[in-house]
Amino acid sequence: MFGKIIIFLLMISASISGITSLLAEPLTINEAVRLTLKTHPDVKIASALIEEAKGNRMSELSLSSPGLAIEYEGIPDGEGFSEYEERRIAISQEFEFPLRYIWLSRSANIEVELARLESRSLLLDLEARIRQTYFDTWIQIRSNEILTEISLGAESYAQKIERQFELGEASRLDAKRARLEALEVKGQLKNAIRSVATAKLKLASLTGYDVSDVELVFSLDDNQIDTDRIGRALLDLKSTSNQVIKEPIADNPETAFIQAELELAGTAKTLSRTAWLPELEFSYFQQTVPDDDSEFWGVELGFNLPVWFWWGGRGDMKVAEAHEKNIKEQLAANQIDVLSEWQEIAQNLVSAVERYDLYKHDILPLSQETYELSIRSFDVGEADYFEVIDAQRNLLDVQLDFLETTDDVYSNQIELDRLEGRSILDYENKGNEGDTRRKP
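Parameters at a glance
Residues numbered from 1 in each chain as written. Predicted model: local features only at pLDDT ≥ 70, side-chain atom pairs only at ≥ 80, totals over all residues. Heavy atoms only, no water. pLDDT = per-residue confidence, 0-100. Helix = DSSP H or I, 4+ residues; strand = E, 2+ residues; numbered from the N terminus. Contact = heavy atoms within 4.5 Å. Core = buried A, V, L, I, M, F, W, Y, C linked by side-chain atoms within 4.5 Å. Buried < 20%, exposed > 50% of the residue type's maximum accessible area, 1.4 Å probe, protein only. Salt bridge = Lys/Arg side-chain N within 4 Å of Asp/Glu carboxyl O. Phe/Tyr/Trp six-rings, centres within 6.5 Å; stacked < 30°, edge-to-face > 60°. Lys NZ or Arg CZ within 6 Å of the ring centre and 35° of its normal. Expected span 1.5 Å × (residues − 1). Polar contact = N/O pair within 3.5 Å; in protein donor to acceptor, adjacent residues only side chain to side chain. Pairing = 2+ DSSP bridges. Axes fitted to C-alpha atoms, helices over the stretch in contact; angles between N-to-C directions.

## Some details on the confidence of the model for the protein chain
The pLDDT averaged across the protein chain works out to 81; a share of 86% of its residues lies at or above 70. Here helix α1 (residues 2-23) stands out as the element of the protein chain with the lowest mean pLDDT, 40, in contrast to helix α3 (residues 41-61), whose mean of 91 is the highest. For residues 1-23, every residue scores under 50 in pLDDT, and the model assigns this stretch 1 contact once sequence neighbours within four places are set aside.

## Here we look at the nonpolar core
Counting residues in hydrophobic clusters, the biggest one holds 69 residues, and the most contacted among them are Tyr-134, Leu-216, Phe-218, Ile-230, Trp-342, Tyr-385 and Val-409. For this core, the elements supplying multiple residues, two or more each, are α2 (29-39), α4 (98-166), α5 (172-207), α6 (227-239), α9 (309-379), α10 (385-420) and α11 (424-430). Looking at which element gives the most residues to this core, the answer is α9, with 15 residues. Formed by 6 residues, the second largest nonpolar core is a distinct cluster that contains Ile-110, Ala-256, Ala-260 and Leu-264.

## What to know about the pattern of salt bridges
Should the charged atoms of two oppositely charged side chains come close, the side chains can pair. In the structure shown here, the tally under the stated rule is 17 salt bridges. Between Arg-179 and Glu-162 there is a salt bridge; the shortest N-O distance is 2.9 Å. Taken together, the residues span a long stretch of sequence, with Arg-179 in helix α5 and Glu-162 in helix α4 at a distance of 17 residues. Of the charged contacts in the structure, one is a salt bridge between Lys-269 and Glu-324, with a shortest N-O distance of 2.6 Å. Here Lys-269 is found in helix α8 (residues 253-273), whereas its partner Glu-324 is found in helix α9, with 55 residues between them in sequence. Look at Lys-269 and you get buried, because its relative accessible area is 17%. Accessibility expressed as a relative area gives 14% for Glu-324, which makes it buried. What emerges from the salt-bridge pattern is a single network uniting Asp-125, Glu-254 and Arg-418.

## Some words on the environment of Gly-315
Mapped onto the fold, Gly-315 is located in helix α9. Separated by 43 residues in the primary sequence, Gly-315 and Ser-272 have C-alpha atoms spaced 9.1 Å apart.

## Points about the packing of aromatic side chains
Scanning the entire structure with this criterion turns up 8 aromatic pairs. One aromatic cluster is present, formed by Phe-135, Trp-138, Phe-218 and Tyr-410 through successive ring pairs. Directly above the ring of Phe-285 sits Arg-88, whose terminal nitrogen or CZ lies 3.8 Å from the centroid. Of note, Arg-106 hangs over the ring of Trp-103, and the distance from its end group to the ring centre comes to 4.4 Å.

## Section: α8
Relative to the 30 Å expected for 21 residues at 1.5 Å per residue, α8 spans 30 Å between its end C-alpha atoms, a close match to the ideal helical length. The backbone nitrogen of Glu-254 lies 3.1 Å from a side-chain oxygen of the residue at the head of α8, namely Asn-252.

## Considering the sheet that holds strand β5 (residues 279-289)
The strands making up a sheet associate through hydrogen bonds between their backbones, and the pairing can be parallel or antiparallel. One open sheet holds the 4 strands; their spatial order is β2-β3-β5-β6, and the pairing between them is antiparallel. Because the sheet does not close on itself, it has two edges, and the strands there are β2 (67-73) and β6 (294-304). With strand direction ignored, the average angle separating the axes of adjacent strands in the sheet is 15°. Across 7 bridges, the pairing between β2 and strand β3 (residues 86-95) is antiparallel. Bridging from a neighbouring strand, Leu-68 pairs with Ile-91 of β3.

Shown next, in the form of structure tokens:
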């Protein structure tokens, strides 16, 4: 009676779990990325970088504060201000030479662009983290489902063999082996359950969203890789010019950042060469002489000549030229490093896709078929339980290997997207998701 109650309670628990699963709102990778971009502190940091650069641009391009002066002259000793002989009110403003404002404006705009590139790099890093975290969580959940299914099958057959042993239809060795297999799979399942809980906590901390009862929706078939594009690019690397070779990394955030720094260094060099241009000062004054009620006004235009330009100015030019050469070499080194990394990841991705296809279309179906055949053979007495255990273990290993291969494919895809400066939200916004998919 007590056993029936336990079974009834388990059935109710399973039903509630099933209903909860049905009611769980699915969460895709794109939605997880969007949730993260709404709440994560890195997003606010990225936005603040741009606002700070814009503020600096305003400060750099604004004129210096004007000078205001009031002079009272000829006041006799012991008298007040009203006894002046002459009063002069003047306002003056200093300017850079007009040509320099063009280059100062360019320099400030490049600084803003650098902030935008830094901001985008930060957001791409965050997106890569959330994509990998989401996918790791999905992998753990899928592993848990596989182990649950295998564990139920192993436990069922262990109980069946134990009953056969009690009836004298199976050996003690068969019963012990079946029980050992069930316990081993059960131990793996417990570890998988803990891993799922840990992965969900990490995903929740990134997205700011409770994912404990949320269904994660992922299919590598919906995120197919454009291996044709990657293959063509790999071939181009072996046979084309340097300009074409740089195409796969043209939008790499770090490379674009150094390119902008190089442009900024060129502008700084131009500014150093125009430092010989004089600074200007414009003044307006109004003069009052109370004795004859005379009032005068006038303007003054002054030049601040760089008399010692040969020393200081030439030194600044040499510094700017050396800095530009330094940045140019940094860019060349960066392109070599990024291109080498791209080749490695691209090769790994193509290989992983090939393994994935092999497992999906050949190895996994054959392993499943072998397992089912071993069960049918055992049920009709044509095979012993050792063959069932071997087939079951082989199926489990193949399923977990297939998950690992899936992990290799998508993890490499995440790295390649990050290296190329691509965002899955960019694909979605452009309605161009097909760019990332492998053609059938």
